[in-house]
Amino acid sequence: MPPIPGSGLAKGLAVTLRTMTKKTVTEQYPDAQPELPPRTRGVIGLFEENCTVCMLCARECPDWCIYIDSHKETVPPAAPGGRERSRNVLDRFAIDFSLCMYCGICIEVCPFDALFWSPEFEYAETDIRDLTHERDKLREWMWTVPSPPALDPSSEEPKELAAARKTADKLAATAAEATQPPHPAPPTTPAPEENPASATTPAPPKNPASPETPRTPRNGGQTE
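The rules behind these values
- Residues numbered from 1 in each chain as written.
- Predicted model: local features only at pLDDT ≥ 70, side-chain atom pairs only at ≥ 80, totals over all residues.
- Heavy atoms only, no water.
- Helix = DSSP H or I, 4+ residues; strand = E, 2+ residues; numbered from the N terminus.
- Contact = heavy atoms within 4.5 Å.
- Patch = residues over 30% accessible without salt bridge, like charges linked within 9 Å, V, L, I, M, F, W, Y side chains within 5 Å.
- Areas by Shrake-Rupley, 256 points an atom, 1.4 Å probe, with all protein chains shown as cover.
- Salt bridge = Lys/Arg side-chain N within 4 Å of Asp/Glu carboxyl O.
- Pairing = 2+ DSSP bridges.
- Axes fitted to C-alpha atoms, helices over the stretch in contact; angles between N-to-C directions.
- Buried < 20%, exposed > 50% of the residue type's maximum accessible area, 1.4 Å probe, protein only.
- Expected span 1.5 Å × (residues − 1).
- Core = buried A, V, L, I, M, F, W, Y, C linked by side-chain atoms within 4.5 Å.

Quick look at the overall build of the protein now. What the protein contains, in helices and strands, is five helices and five strands. Counted from the first residue to the last, the protein has its helices and strands arranged as α-β-α-β-β-α-β-β-α-α. Long-range pairs, those at least 24 residues apart, make up 71% of the contacts in the protein between residues at least 6 apart in sequence.

Now the structure itself:
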């Protein structure tokens, strides 16, 4: 059966009429803050301690809106006789939110969990040049990142948590052994003194050698 002409228009008008009859609910922003979903993409927070300046986020950004500056420092050896190491030190980490398209690629590719989504959205500026926020501002937004959702109780424990718990238990056991007082050594009994009477006496002299017995001739005692 062919559709009736104008049925689509009638359905759309019906939806409009039903919506017009409902009571309008207006959120009184900014007096009342909206309730945002936990995975809202507002701004990007930076956890600076986890950043190793690998530049992976800046290379993968399709808008090239991440700016990173760093320098190398020499780290002395941890043990005597060791070799010095060099590490990257973060000098600048900035994001230009006038170019950012909130794709989240930088957060996904970060191998050390240094970038997180924050639901903060009140960062409008009157000048577009002020939308480039440095690492100090990104760090402030880090504290607005919501906690991750709870894991499924029936799921396996992540390997990272198991390794961290094992390391913590080992450190706690080492600290407990260091704080315990040393065990006293068992008393040693003195060795018994030797009795002079029981001293070893010299061995008696061997018996003098007996005279050599004559040999018996092989021809039955006959002499030639």
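What follows picks up the thread again.
The next point concerns a nonpolar patch on the surface. Taken together, the side chains of Y29, L36 and F121 define a hydrophobic patch exposed on the protein surface, amounting to about 270 Å² of accessible area. Considering the arrangement of structural elements, one finds L36 in the loop between α1 (7-21) and β1 (43-46).

Further remarks concern the sheet that holds strand β5 (residues 132-133). The three strands lie next to each other as β2-β3-β5, forming an open sheet whose pairing is antiparallel. One side of each edge strand has no neighbouring strand; the edge strands of this open sheet are β2 (66-75) and β5. Pairing geometry for β2 and strand β3 (residues 85-96), over 10 bridges, is antiparallel. Paired with Y67 across the bridge in β3 is A94. Strand contacts of helix α4 (residues 135-142): β3 and β5, with the helix running at about 85° to β3, the strand carrying the most contacts.

Quick look at the side chain of H133 now. Relative to the helices and strands, H133 resides in strand β5. When its relative accessible area of 7% is taken as the criterion, H133 is described as buried.

This part covers unusual backbone geometry. Peptide bonds are trans in most cases, and residues, glycine excluded, mostly fall at negative phi. Cis geometry is adopted by the peptide bond preceding P30, which originates at Y29 and carries an omega value of 10°. Locating P30 in the fold gives a position in the loop between α1 and β1. Its identity as a non-glycine residue notwithstanding, M55 has a phi of 65°, on the positive side. Structurally, M55 can be placed in the loop between β1 and α2 (56-60). A residue is classified by how much of its surface remains accessible, and M55, at 26% relative accessible area, is partly exposed.

With respect to the helices and strands, D136 occurs in helix α4. Owing to a relative accessible area of 57%, D136 belongs among the exposed residues under this scheme. Residues D136 and R92, 44 residues apart in the sequence, show an inter-C-alpha distance of 9.5 Å.

For α1, with 15 residues, the first-to-last C-alpha span of 21 Å sits near the 21 Å given by 1.5 Å per residue. Burial runs low along α1: only zero of the 15 residues are buried.

This part is about the environment of F97. Along the chain, F97 turns up in the loop between β3 and α3 (105-109). Expressed as a C-alpha distance, the spacing of F97 and R129, which sit 32 residues apart in the sequence, is 9.6 Å. When neighbours within four sequence positions are excluded, F97 is seen to be in contact with V43, I44, Y102, Y123, L131, H133, L138 and W141.

Bridge count for β3 against β5 is two bridges, and the pairing is antiparallel. Within β5, the residue paired with I95 across the bridge is H133.

Counting residues in each nonpolar core, the largest one holds 25 residues, and the members touching the most others are I44, I66, I68, F93, I95, F97 and L115. Of all the secondary structure elements, the ones that give two or more residues to this core are β1, α2, β2, β3, α3, β4 (115-118) and α4.

What follows deals with the pattern of salt bridges. A full pass over the atoms with the stated rule returns six salt bridges. With a shortest N-O distance of 2.9 Å, E49 and R139 are connected by a salt bridge. Of this pair, E49 sits in the loop between β1 and α2 while R139 sits in helix α4, and the two are 90 residues apart along the sequence. According to the relative accessible area criterion, R139 is partly exposed, its value standing at 24%.

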